Amino acid sequence: MSSKKNNRLDKIIKMLMAQNGITVHEFSENLDVSEITIRRDLQALESAGKVRLINGVAIYCSSRTERPIYPAYNLEYECTVFQKKKERIGKKAASLIAENDIIALDCGSTTEYLAQNLPDDRRFTILTGSMNVLRHASGHPDCSVICTGGYLHPSTQLFSSPEGISLIRHTSINKAFFSASSIADNLNATCIAAYEVDYKSAVLAKSQQNILLVDSSKFGKSFFRSFARLSDFDVVITDDELSPAWRDRIQEAGLTLYLV
């Protein structure tokens, strides 16, 4: 089996673990391959007992004895999952940056696409502790960069240090763009690691406007650590596959909701 096919099968499993019940057409669109190729992939996964196919919809088959396929978070990999949705979310978020804004930009796979689409017709300042954001922002001709610095965590590409938290607390921030691992049913926004909680909480407290960037697959799930309540945000940007029930909950909380 080719490495390209292996990678695609891994992505299919990852997508199903995040959002169970995905059609052949949706896989084809997100992975940018033909529906025939996807059908062959799903048949191979079904033969291996990983997937069930019901009327053209793939369902993930979990096993209690099965070793986790993705035991650790990896930012580079996460950027390839639901890529087109995250690109749309990132572009919409970038359009909200105004002339002379001082923005904080979180680590994460969705904020990666914001960093890739920073506006080139206005001046602004970015405060970030994210290595992947720094790579994009440092090449922008009209963007001033403030790096919080510290120890670099390879899996999330986030720097952490007490000095970095102090720097955040002494910076005036107009807008902050956040990622999240999930939005739980109890409306907690969660993340992977404890050091993320410290970073995100410090930014949340200093920013005048807090904007959450999260694809629809992450709603209704619960991850390790909570760093905020949904009501702590002013704006939510997600994709247009968000369920009607979650749309209602966001709007009932008084938040501005963008579906892209």
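Owing to the predicted nature of the structure, the values given are computational and were not obtained by experimental measurement.

J.: A description of the state of the cysteines should follow, citing residues and the corresponding values.
T.: According to the stated counting rule, one finds 0 disulfides in the structure shown. No disulfide involves Cys143; its sulfur sits 12 Å from that of Cys147, the nearest cysteine.

J.: Which residues make up the pairing of strand β12 (residues 207-213), and what values do they have?
T.: Within β12, 5 of the 7 residues are buried, which leaves it mostly tucked inside the rest of the structure. With 5 bridges connecting them, strand β9 (residues 173-178) and β12 associate as parallel partners. When the bridges of β12 are listed, Phe177 appears paired with Ile211.

J.: Residues and numbers for the packing of aromatic side chains, please.
T.: Per the stated rule, a full pass over the model turns up 4 aromatic pairs. Their ring planes at 25° and their centres at 6.3 Å tell us that Phe178 and Phe227 sit as a pair that is stacked. Within this pair, whereas Phe178 is found in strand β9, its partner Phe227 is found in strand β13 (residues 225-229), the two being separated by 49 residues in sequence. Judged on exposure class, the residue Phe178 and its partner Phe227 are both buried. For the ring pair Phe178 and Phe233, a centre distance of 5.6 Å and an interplane angle of 70° mean the geometry is edge-to-face. Residue Phe178 is found in strand β9, and its partner Phe233 is found in the loop between β13 and β14 (235-238); the two are separated by 55 residues along the sequence.

J.: Which residues make up the layout of surface pockets, and what are the values?
T.: Here the second largest pocket defines a volume of roughly 210 Å³. In this structure, the second largest pocket is lined by 11 residues; those nearest its centre are Lys11, Asn30, Leu31, Asp32 and Gln83. Taken together, the elements giving at least two residues each to the lining of the second largest pocket come down to α1 (3-18), α2 (24-31) and α5 (83-94). No other element matches α1, which puts 4 residues into the lining of the second largest pocket. Grouping the amino acids of the lining of the second largest pocket by side-chain chemistry returns 2 nonpolar, 4 polar and 5 charged.

J.: An account of the sheet that holds strand β15 (residues 256-259) is needed here, citing residue identities and associated values.
T.: The 7 strands are arranged β6-β5-β4-β9-β12-β14-β15 in an open sheet whose pairing can be described as parallel. Edge positions in the sheet fall to β6 (143-147) and β15, since each has one partner strand and no second. For this sheet, the mean angle separating the axes of adjacent strands, direction not counted, is 20°. Examined bridge by bridge, strand β4 (residues 101-105) and β9 share 3 bridges and lie parallel to one another. Within β9, the residue paired with Ile103 across the bridge is Lys175. Set on the sheet, α5 makes contact with β9, β12, β14 and β15; between it and β14 the angle comes to about 145°.

The rules behind each value
- Residues numbered from 1 in each chain as written.
- Predicted model: local features only at pLDDT ≥ 70, side-chain atom pairs only at ≥ 80, totals over all residues.
- Heavy atoms only, no water.
- Disulfide = S-S within 2.5 Å.
- Buried < 20%, exposed > 50% of the residue type's maximum accessible area, 1.4 Å probe, protein only.
- Helix = DSSP H or I, 4+ residues; strand = E, 2+ residues; numbered from the N terminus.
- Pairing = 2+ DSSP bridges.
- Phe/Tyr/Trp six-rings, centres within 6.5 Å; stacked < 30°, edge-to-face > 60°.
- 1 Å grid on protein atoms, 1.4 Å probe; cavity = no way out; pocket = protein on both sides within 12 Å on 5 of 7 lines; lining within 4 Å.
- Points joined across faces, edges and corners; volume = space filled by probe spheres on them.
- Nonpolar A, V, L, I, M, F, W, Y, C, P; charged D, E, K, R; others polar.
- Axes fitted to C-alpha atoms, helices over the stretch in contact; angles between N-to-C directions.
- Contact = heavy atoms within 4.5 Å.

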